[in-house]
Amino acid sequence: MKKNKLKRDKLVAYLGVFASISSLVAILVFTLEKSFNAWKNNIDFNEAVPIMTIVLTAIVGIFSYYTSIKLKQRERLVFMIYANKDKNQIEQLKNELYKAGIRVITDQDVVQVGDNIKDTIESNIKRVSKVIIVLSKNTENSNWIEKEIGIAKSKDKLLFPVAIDEVNMPESIKELKYADIQQMNRDTIYPLIKALRN
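For the structure given in this document, a descriptive report is provided here. (Residues numbered from 1 in each chain as written. Predicted model: local features only at pLDDT ≥ 70, side-chain atom pairs only at ≥ 80, totals over all residues. Heavy atoms only, no water.)

**Some details on the pairing of strand β3 (residues 130-135)**
Right, on to step 1. Taken across its 6 residues, β3 has 6 buried, putting it largely inside the fold.
Right, on to step 2. Covered by surrounding structure in β3 are K130, I132 and V134 together with V131, I133 and L135, the residues of both alternating faces.
Right, on to step 3. The pairing of strand β1 (residues 77-81) with β3 spans 4 bridges and is parallel. Across the sheet, the residue bridging to I81 is I133, located in β3. (Buried < 20%, exposed > 50% of the residue type's maximum accessible area, 1.4 Å probe, protein only. Helix = DSSP H or I, 4+ residues; strand = E, 2+ residues; numbered from the N terminus. Pairing = 2+ DSSP bridges.)

**Some details on the pairing of strand β4 (residues 158-163)**
Right, on to step 1. Across the 6 residues of β4, 5 count as buried, placing the element largely inside the fold.
Right, on to step 2. Direction of pairing for β3 relative to β4: parallel, over a ladder of 6 bridges. In the sheet register, V131 faces β4, and the bridge partner there is L159.
Right, on to step 3. In this region the chain leaves β3, passes through helix α6 (residues 143-154) and returns to the parallel neighbour β4; the handedness of that crossover is right-handed.
Right, on to step 4. Bridging between β4 and strand β5 (residues 179-180) involves 2 bridges; their strand directions are parallel. Across the sheet, residue V162 finds its bridge partner in β5, namely A179. (Right-handed = clockwise from strand over helix to strand, strands pointing away.)

**Some thoughts on the side chain of T120**
Right, on to step 1. Its location among the elements puts T120 in helix α5 (residues 117-127).
Right, on to step 2. Accessibility expressed as a relative area gives 13% for T120, which makes it buried.
Right, on to step 3. If we skip the residues at most four places from it in the chain, T120 touches V110, V111 and D115. (Contact = heavy atoms within 4.5 Å.)

**Considerations on the side chain of K130**
Right, on to step 1. In this fold, K130 is placed in strand β3.
Right, on to step 2. By relative accessible area, which is 6% here, K130 ends up buried.
Right, on to step 3. For K130, the side chain forms a polar contact with the main-chain oxygen of L196, separated by 2.4 Å.
Right, on to step 4. In this structure the side chain of K130 is engaged in a polar contact, spanning 2.8 Å, whose partner is the backbone oxygen of N198. (Polar contact = N/O pair within 3.5 Å; in protein donor to acceptor, adjacent residues only side chain to side chain.)

**Notes on the nonpolar core**
Right, on to step 1. In this structure, M80, L93, L97, I132, V134, L192 and L196 are the most contacted members of the largest nonpolar core, which totals 21 residues.
Right, on to step 2. Elements supplying a minimum of two residues to this core: β1, α3 (87-99), β3, β4 and α7 (186-197).
Right, on to step 3. At 4 residues, α7 tops the list of elements feeding residues into this core.
Right, on to step 4. Once you skip the residues sitting within four places of it in the chain, I132 turns out to touch V78, F79, M80, I81, L97, F160, V162, L192 and L196.
Right, on to step 5. With 19 residues, the next largest nonpolar core counts L77, V128, I145 and A163 among its residues. (Core = buried A, V, L, I, M, F, W, Y, C linked by side-chain atoms within 4.5 Å.)

Here it is as C-alpha cells:
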C-alpha cells in the first residue's frame, strides 16, 4: 500500500516536470515568433522588448516556483532506520507521518532483489536531509542499526531518535533528545512531526 503511494507521488512529480517543460517550450516559441515578426516586418525591436521582458520574467518565475516545490518535497522526505521485527509499528508511524505531509522511505521501499544493501541504503540516505532512528528492544545491540546510524552521521544528516520501547540510547546518538512514542497516538507523535517540519 505504501509503495503504491510512493509510485503515485513519483508520477505526480513527473507530470509536474512535463507540465513545466511544456510551458517553457510554449513560452520560448512565443518569444521567438514575436522576435522574428519584429525583424521580418522591420518593426523597431524596442517595441518587442516589453513583451520579451514579460516572457522572460514568466520563465524565471516558473523555474523559481518549480525549484521551491522540489526543495519543499526534499525537506519533507525522510529516511527511517528501524528493526524489521518492528514492522507493524513502523507502518503505523509511517502512515501518521504521511498524513502530516511527511514522506518516509525505508530499506523495504528501495532495496530490490540483487541490490547491494549497504550501497542502496547509503545512496538513499544521501537523498534526504533528515533521518528518523526508531529504537526498540529489537535494535539493542544491533550492528546493522549502528552501521546505518554511522552512514547517516557521516553524511551530516539531521538525526531524529524515536523510542517505541523502554531502551538505552546507543552511544553514537546518546546526546540527542528523543521522541517517546511507546504509546503511539497523535499527541505523542506530534513533537516528532513538529521537529521534522522545522
